[in-house]
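Here's the letter readout for the chains.
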Amino acid sequence: MAWVEVNDRMQQGYRYALAAPAGQDFHVDFTPDLTPAEMLALGVFGGKYMTDCQDEFPKDWFAAARLSPRRNARLNFFGVEASQRLSVWRAKGWLHPDDPRGWFQWYCRYFLGRRLAGEDQRQIGRWKAMRRHLVQLGHHCERCDWRCRPRQRQALLQWAYDSRGL
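Residues numbered from 1 in each chain as written. Predicted model: local features only at pLDDT ≥ 70, side-chain atom pairs only at ≥ 80, totals over all residues. Heavy atoms only, no water.

**Q** Would you mind going over the confidence of the model for the protein with me for this structure?
**A** The predicted coordinates should not be examined in detail at positions where pLDDT is low. Averaged over all residues, the pLDDT of the protein is 93; the fraction at 70 or higher stands at 100%. Averaged pLDDT values for the elements of the protein fall to 84 in helix α2 (residues 86-91) and rise to 97 in helix α3 (residues 103-112). (pLDDT = per-residue confidence, 0-100. Helix = DSSP H or I, 4+ residues; strand = E, 2+ residues; numbered from the N terminus.)

**Q** Whenever I open this one, the environment of R115 confuses me. Can you help?
**A** Within the secondary structure, R115 is located in the loop between α3 and α4 (119-129). As for R115 and Y16, which are separated by 99 residues in sequence, their C-alpha atoms are 8.9 Å apart. Ignoring anything within four residues of it in the chain, the contact list for R115 reads A19, A20, Q24, D25, F26, Y110 and D120. At 3.0 Å, the side chain of R115 forms a polar contact with the backbone oxygen of Q24. Reaching out from R115, the side chain makes a polar contact with the backbone oxygen of Y110 at a distance of 2.6 Å. (Contact = heavy atoms within 4.5 Å. Polar contact = N/O pair within 3.5 Å; in protein donor to acceptor, adjacent residues only side chain to side chain.)

**Q** Any chance you could explain the packing of aromatic side chains here in plain terms?
**A** Any pair of aromatic rings gets described here by the distance separating the centres and the angle formed by the planes. As enumerated under the stated definition, the model contains 24 aromatic pairs in all. With centroids separated by 5.4 Å and ring planes inclined at 40°, the aromatic side chains of F45 and F104 adopt a geometry described as tilted. Taken together, the residues span a long stretch of sequence, with F45 in the loop between α1 (36-42) and α2 and F104 in helix α3 at a distance of 59 residues. Each member of the pair, F45 as well as F104, is classed as buried. Ring centres of F77 and W146 lie 5.1 Å apart, and the angle between their planes is 65°; this geometry places the pair in the edge-to-face category. Taken together, the residues F77 in the loop between α1 and α2 and W146 in the loop between α5 (131-140) and α6 (150-157) connect sequence positions 69 residues apart. Exposure remark for W146: the relative accessible area of 38% places this residue in the partly exposed category. Taking the ring centre of Y16 as reference, the NZ or CZ of R114 above it sits at 5.5 Å. When the ring centre of F77 is taken as reference, the NZ or CZ atom of R164 above it lies at 5.6 Å. (Phe/Tyr/Trp six-rings, centres within 6.5 Å; stacked < 30°, edge-to-face > 60°. Buried < 20%, exposed > 50% of the residue type's maximum accessible area, 1.4 Å probe, protein only. Lys NZ or Arg CZ within 6 Å of the ring centre and 35° of its normal.)

**Q** How do you make sense of the nonpolar core when you look at a structure like this?
**A** Buried together is how nonpolar side chains tend to be arranged in soluble globular proteins. Formed by 41 residues in total, the largest nonpolar core has its most connected members in M50, F57, W103, F104 and Y107. Counting residues per element, the ones that place at least two in this core are β1 (2-7), β2 (12-18), α1, α3, α4, α5 and α6. For this core, the element with the most residues is α3, which contributes eight residues. When sequence neighbours within four positions are dropped, the list of residues in contact with W103 reads F30, M39, W89, Q123, R126, W127, Q158, W159 and A160. (Core = buried A, V, L, I, M, F, W, Y, C linked by side-chain atoms within 4.5 Å.)

**Q** Which parts of the structure should I look at to understand the state of the cysteines?
**A** Joining two cysteines, a disulfide is a covalent bond between their sulfur atoms. Taken as a whole and judged by the stated rule, the model has one disulfide. The side chain of C141 participates in a disulfide bridge whose partner is C148; the two sulfur atoms lie 2.0 Å from each other. Measuring the twist about the S-S bond at about -75°, one finds the C141-C148 disulfide to be left-handed. Judged on exposure class, the residue C141 and its partner C148 are both buried. The cysteine C53 is free of any disulfide, with C108 supplying the nearest cysteine sulfur at 7.7 Å. (Disulfide = S-S within 2.5 Å.)

Here it is in structure tokens:
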């Protein structure tokens, strides 16, 4: 079993085990459309999300990543802001102590092979709840009209759903 040591701005001395092969052995109910590398290349979180913790993840995830030292919605695939600030996530109690950056950090670590009993089920449930937005796009938008509900599309992208073909 391999271990990952984390020392970045938000976590120091955190360590986790990789219990599954990278990109494999996902829970049967968890079928994301996009890998973390694909999400970063498309443009998520205004380019700011992963700027200080790249050492934790494979270098190839960042080869085409759209990153910036400052949050910039133009770097997002749909060119709009669709995120709530981390302070909102903290206030609502949506963060787990092992993943202080939120869902995408959990997904990156899950993708690498970390498994956390209980927390994985909670995060997969949150991911599944986002599917309702795909249904809404289908009801309100012409196929592949990316100008229709761009914030909703960007939010879906940030949860590893690919709405570009809807």
